[in-house]
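The primary structure of each chain is shown beneath.
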Amino acid sequence: MIKAVTGTKDILPLEIQKWKYLEQIVNDTFTRFNYKEIRTPIFEVTSLFARGIGEATDIVSKEMYTFIDRGGDSLTLRPELTASVVRALVEHSLDKKQNLNKLFYIGPMFRQERPQAGRFRQFHQFGAEAIGGNDPLLDAEMIIVAYDIISKLGLKNLSVKINSLGTPSSREEYKNILREYLNDKIHSLSEESKKRLDLNILRIFDSKDERDKVVMANAPLLINYLEQESIEHFEKVKSALSNAGIPYEVDSTLVRGLDYYTHTTFEIISGSVGSQSALCGGGRYNGLVKEIGGPDLPGVGFAAGIERILLACENENSFMAEEQIPDLYIVTLEKELQNKSFDIALQFRRNGLKVELDYLNRSVKAQMREANRLNVKFVLMIGGEELSNGEVVLKNMKNSEQFNLPLNNLVGITNKIMEV
Ligand code: HAM
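Below you will find a few notes about this structure. The model shown is predicted, which means the values in this text are computed figures rather than measured ones.

**Quick notes on the site of the ligand**
- Among the 27 residues in the neighbourhood of the ligand, the closest are listed as Glu80, Glu113, Phe120, Tyr261 and Ala278.
- At 2.9 Å, a side-chain N or O of Glu129 approaches a nitrogen atom of the ligand.
- The contact in question runs from a nitrogen atom of the ligand to an N or O atom on the backbone of Phe302, over 3.3 Å.
- Summarising the interface, the protein chains cover 96% of the accessible area of the ligand, which totals 660 Å² for the free molecule.
- Within the residue set of the shell around the ligand, elements represented by two or more residues are strand E6 (122–131), strand E10 (278–284) and strand E11 (299–305).
- With six residues, the top contributor of residues to the shell around the ligand is E10.
- In terms of residue class, the shell around the ligand is built from 12 nonpolar, eight polar and seven charged.

Here it is, written out as structure tokens:
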């Protein structure tokens, strides 16, 4: 039997109801903050991600689904959307039409990571990018929107971690200080971290290896080497978050896995999902638009993992998805009336009701059983005798009340059903 590829999964109808509920909250919340939706292609030229996310990051160096197409071009399934959104903004000169573009998205991403609970190879993110503004209030807005969406889903066991990575120049200076500190401790680091010393030294803070943790516990922290501009920016973000009632904590080891960040970075962590606990992550990226070939515009954004959020919701039992139940089931009493029932069903459907009827040539008893299985509130019985009087029989399945109603008053029947 052919199965879905490792790390991908089918989202079956019952689960879709949860997705739709989440997507509705995402849409509503972003709309209230005046973000406009953007949809970009699933694949892009590989160099976009290599330049945007950074060659030395795990994503680019070992996780991308990259292939050469028949025309000889190197293409990559998008591992994230920030680089794509920036590319689209520059390509369509959106920044010329308005100074600040606030965009949001929902869609699948692809990373060849080792699958585990909460980690997939095809996963879905919702997220946002605000490009063109450097106000710390925008950084705070991102954290607030993310937190509001996640809270609206009923999740409780959350922590919000924030940090500032400063400007590229202060970060370069700090990297030298960190390198100096690590110089005589190299032998105590894990093999992976030894490699990171030259490639991506800040990521050593992210290591789960006990040896690295011991060494990094006393390492100098970037937050103590920030320039005045970064300190002020960070202070404004923090006070906006406090005013908004967001329970954040500063985590000066939060470096994140993508190279484009400047100033603020943040993550929202759930205590309900095991080791893959980051429900969302983001931050400011003031050099990225230029790096990708556009004007020198500042940006800030975040993305959240939908599978992880839904896993947390399930573990916390935070909301119930409503099953999709038809309003009405049509029972055909005589086989030769099947076309008539189909026709009546169509009229009700076009009138706005959710209607189902039998397509399997079932007996009347089996049709009633099916109506019960579907849990419909009403059954409409179509029989020759009633039809000859221009009537149909409507049965309320909850209290077994039956009414003979004129078939020419579809609106009346619809209203009777909708009332309950
Ligand atoms: P990221 O931290 O790589 O950031 O991903 C954001 C979120 O996507 C993670 O917190 C996690 O919930 C989810 N996620 C990532 N990888 C997987 C996976 N393999 N399986 C399931 N969920 C996953 C970004 O993607 C940046 N583009 C965020 C951003 C936007 N920064 C600025 N703007």
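After presenting the structure, the write-up continues.
**Some details on the sheet that holds strand E4 (residues 74–77)**
- Read across the sheet, three strands follow the order E2-E4-E3 without closing on themselves; strand pairing throughout is antiparallel. In the strand order of this sheet, the two ends are held by strand E2 (43–45) and strand E3 (66–68), each with one partner. Averaged over neighbouring strand pairs, the angle between their axes works out to 35° when direction is ignored.
- Taken strand by strand, helix H2 (residues 46–53) contacts E2, E3 and E4, and its axis lies near 80° from that of E2.

**Some words on the pairing of strand E14 (residues 378–382)**
- Burial within E14 is extensive, with five of its five residues counted as buried.
- Here E14 shows two buried faces, one formed by Phe378, Leu380 and Ile382 and the other by Val379 and Met381.
- Where strand E12 (residues 328–332) meets E14, five bridges bridge the pair, whose relative direction is parallel. Bridge assignment links Leu328 to a residue of E14, and that residue is Phe378.
- Relative to strand E15 (residues 391–396), E14 runs antiparallel, the two being bridged by four bridges. Bridge assignment links Met381 to a residue of E15, and that residue is Val393.

**Some words on the sheet that holds E6**
- Pairing is mixed across the open sheet formed by eight strands, whose spatial order is E1-E5-E6-E11-E10-E9-E7-E8. The open sheet has two edge strands, strand E1 (36–37) and strand E8 (248–250), and neither has a second partner.
- The strands that helix H4 (residues 82–91) touches are strand E5 (101–110) and E6; relative to E6, the one it contacts most, it runs at about 45°.
- In the packing of helix H12 (residues 306–316) onto the sheet, the strands contacted are E5, E6, strand E9 (262–270), E10 and E11, and the crossing angle to E6 comes to about 110°.

**Here's the deal with the pattern of salt bridges**
- Within the structure shown, the criterion is met by 26 salt bridges.
- We note a salt bridge from Asp58 to Lys62, for which the minimum N-O separation is 3.8 Å. Here the residue Asp58 and the residue Lys62 both occupy positions in helix H3 (residues 58–63), the gap between them amounting to four residues, near one helical turn.
- Residue classification places Lys62 among the partly exposed residues on the basis of a relative accessible area of 48%.
- Note that Glu172 is salt-bridged to Lys175, the shortest N-O span being 3.3 Å. Residue Glu172 and its partner Lys175 are both found in helix H7 (residues 168–183); the two are separated by three residues, about one turn of the helix.
- Judged by relative accessible area, Glu172 falls into the partly exposed class, the value being 44%.
- Linked through salt bridges whose partners overlap, the residues forming this network are Asp58, Lys62, Glu192, Lys195, Arg196, Arg203 and Asp206.

**Digging into the nonpolar core**
- Of all hydrophobic cores here, the largest spans 46 residues; its most connected members are Ile131, Leu178, Leu182 and Met216.
- Contributing elements (two or more residues each) for this core: H2, H3, H4, E5, E6, H7, helix H9 (210–216) and helix H11 (288–291).
- It is H4 that provides the largest number of residues to this core, a total of five residues.
- Dropping the residues within four chain positions of it, Leu178 is found in contact with Ile201, Leu202, Phe205, Met216, Ala219 and Pro220.
- Counting residues in each nonpolar core, the second largest holds 44 residues, with Ala130, Val237, Ile306 and Phe319 among its members.

**What to know about the side chain of Ser252**
- On the secondary structure map, Ser252 appears in the loop between E8 and E9.
- Setting aside chain neighbours within four positions, we find Ser252 in contact with Asn163, Leu221 and Ile223.

**Re the packing of aromatic side chains**
- Tallied over the full model, the rule gives 10 aromatic pairs.
- Measuring from centroid to centroid gives 4.6 Å for Tyr21 and Phe319, while their planes differ by 35°, and the two rings are tilted. A residue pair is termed long-range when its members are at least 10 positions apart, and Tyr21 in helix H1 (residues 13–32) and Phe319 in the loop between H12 and E12 qualify at 298 residues.
- Note on Tyr21: relative accessible area 36%, which makes it partly exposed.

**Here we look at the packing of H1 against helix H6 (residues 136–152)**
- Packing of H1 against H6 leaves a shortest axis separation of 10 Å and a crossing angle of 145°. Here the hand of the crossing between H1 and H6 comes out right-handed. For the pair H1 and H6, the contacting residues are Tyr21, Ile25, Val26, Thr29, Phe30 and Arg32 in the first and Val145, Asp148, Ile149 and Lys152 in the second.
- Here the contact of H1 with H6 is composed, by residue class, of six nonpolar, one polar and three charged.

**A word on a nonpolar patch on the surface**
- Judged by side-chain polarity, Ile42, Phe43 and Phe67 come together as a nonpolar surface patch covering roughly 260 Å² of accessible area.
- Looking at where Phe67 falls in the secondary structure, it is placed in strand E3.
- Take Phe67: its relative accessible area is 35%, and that puts it in the partly exposed class.

What counts and what doesn't
- Residues numbered from 1 in each chain as written.
- Predicted model: local features only at pLDDT ≥ 70, side-chain atom pairs only at ≥ 80, totals over all residues.
- Heavy atoms only, no water.
- Near = heavy atom within 4 Å.
- Polar contact = N/O pair within 3.5 Å; in protein donor to acceptor, adjacent residues only side chain to side chain.
- Areas by Shrake-Rupley, 256 points an atom, 1.4 Å probe, with all protein chains shown as cover.
- Helix = DSSP H or I, 4+ residues; strand = E, 2+ residues; numbered from the N terminus.
- Nonpolar A, V, L, I, M, F, W, Y, C, P; charged D, E, K, R; others polar.
- Pairing = 2+ DSSP bridges.
- Axes fitted to C-alpha atoms, helices over the stretch in contact; angles between N-to-C directions.
- Contact = heavy atoms within 4.5 Å.
- Buried < 20%, exposed > 50% of the residue type's maximum accessible area, 1.4 Å probe, protein only.
- Salt bridge = Lys/Arg side-chain N within 4 Å of Asp/Glu carboxyl O.
- Core = buried A, V, L, I, M, F, W, Y, C linked by side-chain atoms within 4.5 Å.
- Phe/Tyr/Trp six-rings, centres within 6.5 Å; stacked < 30°, edge-to-face > 60°.
- Left-handed = near helix turned anticlockwise from the far one by under 90°.
- Patch = residues over 30% accessible without salt bridge, like charges linked within 9 Å, V, L, I, M, F, W, Y side chains within 5 Å.

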